[in-house]
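# Tertiary structure, described
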Amino acid sequence: MGGGGQHCQGSRLYTWTEVQQHCQRSDQWLVIDRKVYDISEWVKRHPGGHRVIGHYAGEDATDAFVAFHPELDFVRKFLKPLLIGELDPSEPCQDHQKNAAVTKDFRALREVLEREGLFRTSPLFFCLYLGHLLVLEMLALLVLWHWGTGWIPTLLCAVILTTSQAQAGWLQHDFGHLSVFRKSFWNHLLHKFVIGHLKGASASWWNHLHFQHHAKPNIFGKDPDVNTQHAFVIGSIQPIEYGIKKLKYLPYNHQHQYFFLIGPPLIIPVIFNMQNVRIMLSRRLWVDLAWWFSFYARFFYSYIPFYGVFGSLALISFIRFLESHWFVWVTQMNHIPMEIDHEKHQDWLTMQLSATCNIEQSFFNDWFSGHLNFQIEHQLDVLKPPMVRALCEKHGVRYQVKSLWQGFTDIVGSLKKSGDLWLDAYLHK
């Protein structure tokens, strides 16, 4: 075809080669349902941020588009002005040699689940979930009011508030994914309330990072969750790259040991808190800042009468410290031990399954992880484990399920393995 495309019934036609040329920061095209869109200017106004949509520049984004937008008919209105043509009929549906058969069967499965109504949630369940968080908040105060501020009541209060904070983290996650109510407005509103007023964090900060993770999980340069800021080397590729380049920011062969010192203890109390404040101020997220302020105003108003200013600061720091351990072990057991690599342009199913695994189902595991033990289905945005497993078996895609303990130990084991790879490359390559 050449020259940027041909005309067919008034629509310009493009090859994948032409689409793939438009993957620069200021020049971005993508494909949804074989239609080609120029998003170069739209990325600046994209509600989810320019990075998450830019990660799909030059390739097919159909499955990501469907997964991230519950109100598809509404969102497609914004696509119409961006439409510049479609793929030539001679072109395959998938780019970069992605598995077309896997993609076809996955989309067919999703259509079946949609027809069966399995994407409809129960708002009542989530409202009760929210209610039990409020009960925990009140219970913590009642403990102090009834038994005073001795060591045992204080420790009990901290455990109750840690539980509330951790469970609020799982709840805000569901609202943040717009997966509770049919209308995005209510999801956004409850998300800001839970993550802002109940947890003291920024909804925009969370969206900006978490959606990138779902778009390109465990992919260097695209998933912020694997950007360790040189504190760790992870996977089997990065350690060798660091070793060959003789990069030694820390003694990575001991990272499975110092992980216990700088990983779980510091993620929420230090790293997340600093990121939240910096992003809210630098991007002038005044609404998020107001929600954030409301959390700390409520907390100190409630606990200064019991502990004073410095005692209340110590209490919230201790709660963040405990919550951070809970958060890190749950969120990393599904991803850190899995494949972590540079962009390989895999189809949606293969990409998600290579980056995550499930944890065995039980009442405790469901509660403790906020149902993120079904991480495979969560990453795929498909809520039927037996059908997903059958699809994986059909196409030879590994569907991995672990015990909770194995998930925890695999984090440490994978860090040791990566550290050993780094040391070998550092010394001998």
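What you see is a predicted model; the values in this text were computed from it and never measured.

We now examine a nonpolar patch on the surface. On the surface, a nonpolar cluster with roughly 330 Å² of combined accessible area is contributed by Leu-155, Val-159, Phe-318 and Phe-321. Note on placement: Leu-155 falls in helix H7 (residues 151-176).

Take the UniProt feature "domain: Cytochrome b5 heme-binding" (unreviewed entry) in the protein next. Here, UniProt's "domain: Cytochrome b5 heme-binding" (unreviewed entry) annotation points to residues 11-88. In this annotation, residues 11-88 is assigned 32% helix and 27% strand; the end-to-end C-alpha distance for the span is 10 Å.

Another point: the UniProt feature "transmembrane region" (unreviewed entry) in the protein. UniProt records the feature "transmembrane region" (unreviewed entry) at residues 124-145, 258-275 and 295-319, using the numbering of this structure. Between the C-alpha atoms that bound residues 258-275 the distance is 22 Å, and the span itself is 78% helix and 0% strand. Helix makes up 100% of residues 295-319 and strand makes up 0%, while its end C-alpha atoms are separated by 14 Å.

Next up on the list: the pattern of salt bridges. Scanning all chains against the criterion turns up 19 salt bridges. The partner of Asp-95 in a salt bridge is Lys-98, with the nearest N and O atoms 3.3 Å apart. Of the two residues, Asp-95 and Lys-98, both sit in the buried class. Of the charged contacts in the structure, one is a salt bridge between Lys-192 and Asp-288, with a shortest N-O distance of 3.0 Å. Note that Lys-192 is positioned in helix H8 (residues 184-198) and Asp-288 in helix H13 (residues 286-332), a separation of 96 residues in sequence. The exposure class of Lys-192 is partly exposed, given its relative accessible area of 25%. Overall, Asp-288 belongs to the buried group, its relative accessible area being 3%. In the salt-bridge network here, residues are joined through shared partners; they are Glu-59, Asp-95, Lys-98, Lys-216, Lys-222 and Glu-343.

Take the environment of His-46 next. Turning to its location among the elements, His-46 is positioned in the loop between strand E5 (35-38) and helix H2 (50-54). For His-46, the residues in contact, after removing those within four places along its chain, are Val-52, Ile-53 and His-69. A distance of 2.8 Å separates the side chain of His-46 from the backbone oxygen of Gly-49, its partner in a polar contact.

Turning our attention to the nonpolar core. Formed by 86 residues in total, the largest nonpolar core has its most connected members in Leu-349 and Leu-380. For Leu-380, the residues in contact, after removing those within four places along its chain, are Phe-106, Arg-110, Trp-348, Leu-349, Gln-352, Leu-353 and Val-388. Counting 16 residues, the second-largest nonpolar core is a separate cluster that includes Ala-140, Val-143, Leu-144 and Ile-319.

Turning our eyes to something else, we now look at unusual backbone geometry. Its identity is not glycine, yet Asp-33 carries a phi of approximately 50°, on the positive side. Examined against the element boundaries, Asp-33 turns out to sit in the loop between strand E4 (27-32) and E5. Phi is positive for Arg-284, which is not a glycine, with a value near 55°. Exposure remark for Arg-284: the relative accessible area of 62% places this residue in the exposed category.

The next point concerns the packing of aromatic side chains. All told, the structure shown has 33 aromatic pairs when counted by the stated rule. Ring pairs connect the aromatic residues Phe-232, Tyr-258, Phe-259, Phe-260, Trp-329 and Phe-408, which therefore count as one cluster. The aromatic ring of Tyr-56 is capped on one face by Lys-216, whose charged end is 4.2 Å from the ring centroid.

Under the 1.5 Å per step criterion, the end-to-end length of helix H9 (residues 203-215) is 18 Å for 13 residues, consistent within 8% with the ideal 18 Å. Extensive coverage of H9 is indicated by the burial of 11 of its 13 residues. Looking at H9, one finds that the buried residues are Ala-203, Trp-205, Trp-206, Asn-207, His-208, His-210, Phe-211, Gln-212, His-213, His-214 and Ala-215. Two to three positions downstream of the cap, the backbone nitrogen of Ser-204 sits 3.3 Å from a side-chain oxygen, assigning the N-cap of H9 to Ser-202.

Judged by side-chain charge, Arg-25, Arg-51, Arg-278 and Arg-283 come together as a positively charged surface patch. On the secondary structure map, Arg-278 appears in helix H12 (residues 267-282). For Arg-278, a relative accessible area of 52% corresponds to the exposed category.

Here we come to the environment of His-197. Assignment of secondary structure puts His-197 in helix H8. For the pair His-197 and Ala-290, spaced 93 residues apart in sequence, the C-alpha separation works out to 8.8 Å. His-197 has contacts with Lys-192, Trp-291, Ser-294, Phe-295 and Arg-298, leaving out every residue within four places of it along the chain. A distance of 2.9 Å separates the side chain of His-197 from the side chain of Ser-294, its partner in a polar contact.

About the criteria used
- Residues numbered from 1 in each chain as written.
- Predicted model: local features only at pLDDT ≥ 70, side-chain atom pairs only at ≥ 80, totals over all residues.
- Heavy atoms only, no water.
- Patch = residues over 30% accessible without salt bridge, like charges linked within 9 Å, V, L, I, M, F, W, Y side chains within 5 Å.
- Areas by Shrake-Rupley, 256 points an atom, 1.4 Å probe, with all protein chains shown as cover.
- Salt bridge = Lys/Arg side-chain N within 4 Å of Asp/Glu carboxyl O.
- Helix = DSSP H or I, 4+ residues; strand = E, 2+ residues; numbered from the N terminus.
- UniProt positions renumbered as here; feature names shortened; annotations may be inferred.
- Buried < 20%, exposed > 50% of the residue type's maximum accessible area, 1.4 Å probe, protein only.
- Contact = heavy atoms within 4.5 Å.
- Polar contact = N/O pair within 3.5 Å; in protein donor to acceptor, adjacent residues only side chain to side chain.
- Core = buried A, V, L, I, M, F, W, Y, C linked by side-chain atoms within 4.5 Å.
- Phe/Tyr/Trp six-rings, centres within 6.5 Å; stacked < 30°, edge-to-face > 60°.
- Lys NZ or Arg CZ within 6 Å of the ring centre and 35° of its normal.
- Expected span 1.5 Å × (residues − 1).
- Lys, Arg positive; Asp, Glu negative; His and termini not counted.
- Charge placed at Lys NZ, Arg CZ, Asp CG, Glu CD.

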